[in-house]
Amino acid sequence: MEYIVFDLEWNQSGSKAGEREELPCEIVEIGAVKLDASFQARDEFSVLVRPVVYRELNRRTQELIGLTEEELREGRPFREAAERFLDWCGADSMFCTWGDMDLTEFQRNMQFFGVKPRRQGVLKYYDVQKLFAISQREPKEQRSLEYAAQVMELSEAGPFHRALSDARYTAEIFRRLDKSCLSNYSTDYYRCPGSREEEIRAVFSTYSKYISMGFSTTERVMADKEVASTRCCVCGKPAKRRIRWFSWRSGSYYCLAWCREHGWLRGKIRIKKAGNGKLFAVKTIKRVSEEEADAVRKRQEQMRQQRRQRRQRRKRTKREAGRRDRQRQIAADTMAQNR
Ligand SMILES: [Zn+2]
C-alpha cells in the first residue's frame, strides 16, 4: 500500500453572479508526495493547471497562493494534468489530504472536464487534519496546516499555500503521527454508495457509522428501514427506539435508543447530496450518558414547541385574513346599497 499525500490550489469566481454551480472551485495546481508502506517519501508530483472557466485570478486567491495569471497561462489543461496525476498515483494507493475538501473538489473538476474515474464506489482516505486533531486530543478542532507544522516543529519545506509544499508538510505530519490513529479513516462523499452492496458500515471505538445508498428525496431516505434502524454500536443488537427520528435543523435528524446491555444510544443522521444529485444518509450511533440522552429529549421538546408556534402563527394569519375579507365584503355591499 502506498500513500498519496496531495494538495490542490484552486481559483473561484470573483462574484457570486459569475459562478458556475457545477464548478465553484477550479483547480489551478496539483502537488503530491508519494509515501511507501513504511511511510518513506518515494516521489513527488507537481503541475500547474491553466484555468478556462475563471481565467481571472480572484484577488484573494492571488494573495494566498502567490501565483500570477501569466504563470497559470503556462499551465496544462486540467484533463491532461489530472490524467498524468492519476497515472502517477497508481491503482493501489490511499489518498491523504489536509481537511476534507480536496478529494471532493478534485472529483468535481474531473466530472466537469470529463475525466473518467479510475476507481469505483466510495473512496476511503485519510484526513490528516482530523488525524492530527485526534493525536492532539482535541478531536473537534480544525487547525491550520501552519499551526500543525509549528506544533510538530517541522523544518521549512517551502511557502504555505502552494500545492507541493503544502503536500510536503502534510506528508511529514502524517509520517510522524502515531500509527494507532490510522484506524480513523474518512470517507469521501462525492460519490455515494450506488447499491445496497456498496453501503458502508464501520465500527469505531466510540461509535458506529453507516452510509446509505442514494435516494431521490429526503423523505425517501428517511422512510428507508435500513436508514432508520438503530443497532447498538457496541454489541450490534437491535436497540429499541425510545424517541423516534425527529428533524433538527436542516438536513439532520436525531433519535434516542436503548440497549438493554449498553444503555442509551444517540442516533444522528445527516442528509448529504452526492455529486450525481442523489441524497443519502450518513448515520452515526453513539453510546451516551444519561445527561446526553436528556439533551436529545430537550431538543425534541424544543422542535415540538417551534412546530406548535408555527402552526398557531399560521392559524392566526388565516383568521386575520378571513376577517379582512369579511370586512371588505361588508364595505362592498354597503357601497352597492348606497348606489
Ligand atoms: Zn448493546
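Our subject is the structure that appears above.
Residues numbered from 1 in each chain as written. Predicted model: local features only at pLDDT ≥ 70, side-chain atom pairs only at ≥ 80, totals over all residues.

(A) Representation of the sheet that holds strand β1 (residues 2–11). Taken together, 6 strands build an open sheet; the order of strands is β3-β2-β1-β4-β5-β6 and the sheet is mixed. The strands lining the two open edges of the sheet, one partner per strand, are β3 (41–48) and β6 (186–187). For β1 and strand β4 (residues 93–97), the ladder comprises 4 bridges, and the chain directions are parallel. Counterpart to Tyr 3 in the pairing with β4 is Met 94. (Pairing = 2+ DSSP bridges. Helix = DSSP H or I, 4+ residues; strand = E, 2+ residues; numbered from the N terminus.)

(B) Quick look at the pairing of strand β2 (residues 26–35). Counting buried positions along β2 yields 10 of 10 residues, so the element is predominantly enclosed. Pairing of β1 with β2, which is carried by 9 bridges, proceeds in the antiparallel orientation. Paired with Tyr 3 across the strands is Leu 35, a residue of β2. Pairing geometry for β2 and β3, over 7 bridges, is antiparallel. Residue pairing for β3: Lys 34 is matched across the bridge by Asp 43. Here β2 hands over to β3 after 5 residues, with Phe 39 in that stretch at a positive phi of 65 degrees. (Buried ≥ 20, exposed ≤ 12 C-beta atoms within 10 Å, placed from the backbone.)

(C) Looking closely at the nonpolar core. Val 5, Ile 27, Ile 30, Ala 32, Cys 96, Val 128 and Ala 167 are the most contacted members of the largest nonpolar core, which totals 42 residues. Among the elements that take part in this core, helix α7 (residues 163–176) stands out by supplying 7 residues, more than any other. Leave out the neighbours within four places in its chain, and Ala 167 touches Val 5, Phe 6, Asp 7, Gly 31, Ala 32 and Val 33. With 23 residues, the next largest nonpolar core counts Cys 233, Tyr 254, Cys 259 and Ile 285 among its residues. (Core = buried A, V, L, I, M, F, W, Y, C linked by C-beta atoms within 7 Å. Contact = placed C-beta atoms within 7 Å.)

(D) Expanded view of the environment of Tyr 185. For Tyr 185, the location among the structural elements is in the loop between α7 and β6. You can call Tyr 185 partly exposed: it has 16 C-beta atoms within 10 Å.

Nothing here speaks to function; it is all geometry.
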